[in-house]
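Chains, contacts and geometry: an overview
The residues making up each chain are set out below.
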Amino acid sequence: EPEVTQTPSHQVTQMGQEVILRCVPISNHLYFYWYRQILGQKVEFLVSFYNNEISEKSEIFDDQFSVERPDGSNFTLKIRSTKLEDSAMYFCASIDSRSSYEQYFGPGTRLTVT
Amino acid sequence: DAKTTQPPSMDCAEGRAANLPCNHSTISGNEYVYWYRQIHSQGPQYIIHGLKNNETNEMASLIITEDRKSSTLILPHATLRDTAVYYCIVRPPMDSSYKLIFGSGTRLLVRP
């Protein structure tokens with residue numbers, strides 16, 4: 001069964017450093033998402049991406065964040081200058097809106113900012 | 001956005017049915033009810049969704065009341081692997097991005 005994959009599974013970085021989290025969505029899917037979950041808290045929507053542009057973003061997704069689909073398979077989330085409060089699990093998801101609206105989530109990347 | 005209310009925690013015995021309730025009294029006529037679950041810190045997993053009629057798939061059944069103000073997710077024979085947080089989500093009708101807004105969910109503990 002096709003699945004969403006994410007790398008790395010765990011990223012440790014120092015405050016102020018840039019990080020790029022990578023995702024490979026399911027190949028024929030059209031919409032792509034990033035969510036985050038701070039330890040012990042709810043899963044929060046960050047951004048949705050469709051047709052090579054952001055279709056919606058939350059208040060959390062400020063100028064420090066950016067997304068890109070550089071090559072038709074990878075979908076990346078970049079945090080320009082990480083803060084301690086960016087420490088969280090980051091989940092990528094995708095849907096094939098032509099056939100269903102089920103979101104398929106990846107296993108997540110645990111980001112630890114020290 | 002229609003809000004959902006779920007009990008924070010429930011438990012059931014292995015092999016028995018788990019019935020997870022959700023209130024969504026402000027749901028609009030064209031909003032779907034979705035259920036996802038999150039096992040430990042894994043990515044959320046789709047379970048089932050419905051609009052008006054009851055739905056069943058290989059994982060669960062979804063019972064939606066006639067007035068659509070509440071629903072129940074049924075896991076017919078719960079196993080230890082069904083221990084997870086279960087989220088009831090109502091998708092906004094005019095949301096073109098199909099994003100999901102998660103609440104706190106119900107933490108289901110399946111006891112041996």
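Described in the following lines is the structure provided in the data block. All values derive from a computational prediction rather than experimental measurement.

Focus: the sheet that holds strand E9 (residues 106–111) of chain B
All names here are of chain B. Overall, mixed pairing links the five strands, which are arranged E1-E9-E8-E3-E4 in an open sheet. Whereas interior strands pair on both sides, the edge strands pair on one side only; in this sheet they are strand E1 (9–13) and strand E4 (45–50). Neighbour to neighbour, the strand axes of the sheet diverge by 25 degrees on average, direction disregarded. Sheet topology note: the E1/E9 ladder contains five bridges and is parallel.

Re the pairing of strand E9 (residues 88–95) of chain A
Every other side chain in a regular strand lies on the same face of the sheet, so the side chains alternate between the two faces. All names here are of chain A. Of all eight residues that make up E9, eight are buried, and the element is covered over most of its length. Burial along E9 is two-sided: the face carrying Ala88, Tyr90, Cys92 and Ser94 and the face carrying Met89, Phe91, Ala93 and Ile95 are both buried. Sheet analysis places E9 next to strand E11 (residues 109–113), joined by three bridges and oriented antiparallel. Residue pairing for E11: Tyr90 is matched across the bridge by Thr109. In this structure, E9 lies alongside strand E10 (residues 104–105), joined through two bridges in antiparallel fashion. The residue of E10 that forms the bridge with Ser94 is Tyr104.

Points about the packing of aromatic side chains
Per the stated rule, a full pass over the model turns up 18 aromatic pairs over all chains. Seen from their ring centres, Tyr35 of chain A and Phe45 of chain A are 5.8 Å apart, and the 70 degrees between their planes marks the pair as edge-to-face. You can see Tyr35 of chain A sitting in strand E4 (residues 31–37) and its partner Phe45 of chain A sitting in strand E5 (residues 43–50), a full 10 residues away along the chain. Of the two residues examined, Tyr35 of chain A and Phe45 of chain A, each falls in the buried class. Seen in terms of ring centroids, Tyr35 of chain A and Phe102 of chain B are 6.0 Å apart; in terms of plane orientation they differ by 90 degrees. Their pairing is edge-to-face. Of this pair, Tyr35 of chain A sits in strand E4 while Phe102 of chain B sits in the loop between strand E8 (84–90) and E9, each in a different chain. Under the relative-accessibility criterion, Phe102 of chain B is labelled buried at 5%. A connected cluster of aromatic rings, assembled from ring pairs, spans Tyr33, Tyr35, Phe45 and Phe105 of chain A together with Tyr32, Tyr34, Tyr36, Tyr46, Tyr87 and Phe102 of chain B. Over the ring of Tyr34 of chain B we find Arg91 of chain B, and its NZ or CZ is 4.6 Å from the ring centre. Positioned above the aromatic ring of Phe45 of chain A, the side-chain terminus of Lys99 of chain B is 5.9 Å from the ring centre.

Criteria and cut-off values
Residues numbered from 1 in each chain as written. Chains lettered and ligands numbered in written order. Predicted model: local features only at pLDDT ≥ 70, side-chain atom pairs only at ≥ 80, totals over all residues. Heavy atoms only, no water. Pairing = 2+ DSSP bridges. Helix = DSSP H or I, 4+ residues; strand = E, 2+ residues; numbered from the N terminus. Axes fitted to C-alpha atoms, helices over the stretch in contact; angles between N-to-C directions. Buried < 20%, exposed > 50% of the residue type's maximum accessible area, 1.4 Å probe, protein only. Phe/Tyr/Trp six-rings, centres within 6.5 Å; stacked < 30°, edge-to-face > 60°. Lys NZ or Arg CZ within 6 Å of the ring centre and 35° of its normal.

Note that all results are geometric; they support no functional claim without further evidence.
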